[in-house]
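Coordinates in review
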Amino acid sequence: MTKLRRVLVTGGAGFLGSHMCERLVNEGHDVICLDNFFTAQKSNVAHLLGRPNFELIRHDVTLPIFLEVDQIYHMACPAAPGHYQFNPIKTIKTSVMGSINMLGMAKRCGARILLASTSEIYGDPLIHPQPESYWGNVNTIGLRSCYDEGKRVAETLFMDYHRMNKVDVRIVRIFNTYGPRMHPYDGRVVSNFIRQAIQGQPITIFGEGEQTRSFCYRDDLVEGIFRLMNNEDGFIGPVNIGNPGEFTIRELAELVIQLTGAKVKLEKRPLPPDDPTRRQPDITLAKKHLHWEPKIPLNQGLQQTIDWFRSIDFDHYRPPTPNFV
Ligand code: NAD
Ligand code: UDP
């Protein structure tokens, strides 16, 4: 039988955080969802509000907070380039000060704490696919640095609290993940392409569309993170969680057009600075230690995401920042 715990999910009303909260509530845990609603939607967690084991707190992780918990999923941080570049200083504060506050809470409570890190810590990688042992190729002063370097410092803080204060940490490096509840105006490639196709607008390809990404469906991702948090074999990561299926952005656009049946054109736009050329996870460690690998292929996950996008009213969503296509 699962041991029931008091679990905090920071960024719990966001895309991935809300799915994590839902999984934990359904397993019977006492879940506190903490969010400042920068990029979140209340509708992501509205269905959980009536549950006796779910609580929602509006709070900013850059400020201290005192709670009593057994586990912390630390997921608060804007994740889409248009969101994290809107206020880059706030983004880095969220990663650095937010991690210090949550690590302090974990230390005080003796809680286990998991960091939602990112494949972005590899930057524009010179090694392909990327294993966890690769230290990355990151610009320290570019437009993406607030996010990339913020997460790199967060990983450092997690390991230093672990070594110095014996805090029980876990670090997951998440590769591009998609699925229902992505914000339709977050500017990420999957949400952009699906929204554009449904609305009959041209699909915006940045650069030549030859850059690659590897897309993981949200159910696979949530399962991987859950396994890492609850692994008792002493494996703390960092571990890549992502789908090794690698696609060019142009291939993704063509697949979205095929699955939606949209009659839309591709429209080229300038490639944003420091846009990584290739990205693909090496998931050897996840397979070995977590017995995890993704199960949902891109066309199936995209179809489910398209169905969800068709079911929502876009007028109920506003872009959180002006930085979107
Ligand atoms: P999201 O923007 O939907 O979720 C982030 C959540 O954090 C939002 O609910 C937002 O309101 C909240 N938040 C932001 N700043 C905050 C602050 N200062 N205090 C409290 N709450 C704050 O994005 P997501 O895709 O769900 O990402 C969740 C986490 O996973 C992030 O930490 C992100 O870096 C990481 N991640 C996601 C992906 C992906 O492909 N989705 C890839 C790599 C890493
Ligand atoms: N991209 C694109 N058109 C869009 C949005 C994004 O061609 O409308 C490209 C972007 O330049 C990048 C890839 O898609 O090469 C993934 O972008 P996203 O913002 O989803 O994530 P990240 O760059 O952080 O992986």
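Residues numbered from 1 in each chain as written. Chains lettered and ligands numbered in written order. Predicted model: local features only at pLDDT ≥ 70, side-chain atom pairs only at ≥ 80, totals over all residues. Heavy atoms only, no water.

With that settled, consider the environment of Leu24. Within the secondary structure, Leu24 sits in helix α1 (residues 15–26). Here Leu24 falls in the buried class, since its relative accessible area comes to 1%. Taking C-alpha positions, Leu24 is 14 Å from Leu114, a pair spaced 90 residues apart along the chain. Leave out the neighbours within four places in its chain, and Leu24 touches Val7, Val9, His29, Val31, Tyr73 and Phe226. (Helix = DSSP H or I, 4+ residues; strand = E, 2+ residues; numbered from the N terminus. Buried < 20%, exposed > 50% of the residue type's maximum accessible area, 1.4 Å probe, protein only. Contact = heavy atoms within 4.5 Å.)

So, on to the site of ligand 2. With respect to spatial proximity, 18 residues lie near ligand 2, and among them Val189, Thr204, Arg213, Asp275 and Arg279 are the closest. A distance of 3.0 Å is found between an oxygen atom of ligand 2 and a side-chain nitrogen or oxygen belonging to Arg144. In this structure, Gln211 approaches ligand 2 through a side-chain N or O atom, which is 3.0 Å from an oxygen atom. Alone, ligand 2 offers 520 Å² of accessible surface; in the complex the protein occludes 95% of this. Breaking the shell around ligand 2 down by element, the ones donating at least two residues are α5 (189–198) and β8 (203–206). Here the residues of the shell around ligand 2 sort into 7 nonpolar, 5 polar and 6 charged. (Near = heavy atom within 4 Å. Polar contact = N/O pair within 3.5 Å; in protein donor to acceptor, adjacent residues only side chain to side chain. Areas by Shrake-Rupley, 256 points an atom, 1.4 Å probe, with all protein chains shown as cover. Nonpolar A, V, L, I, M, F, W, Y, C, P; charged D, E, K, R; others polar.)

So, on to the environment of Ala116. When you line up the elements, Ala116 lands in strand β5 (residues 112–118). Residue class for Ala116 comes out buried when judged on its relative accessible area of 7%. On a C-alpha basis, the gap between Ala116 and Phe309 in space is 25 Å, while along the polypeptide they are 193 residues apart. Contacts of Ala116, omitting those with residues within four sequence positions, involve His74, Met75, Lys151, Val172 and Ile174.

So, on to the packing of aromatic side chains. Applying the stated criterion to the full structure yields 8 aromatic pairs. For the pair Trp308 and Phe309, a centre-to-centre distance of 5.2 Å together with 85° between the ring planes defines the contact as edge-to-face. Look at Phe309 and you get buried, because its relative accessible area is 0%. Ring centres 6.4 Å apart and planes at 45° place the aromatic pair Phe309 and Phe314 in the tilted group. (Phe/Tyr/Trp six-rings, centres within 6.5 Å; stacked < 30°, edge-to-face > 60°.)

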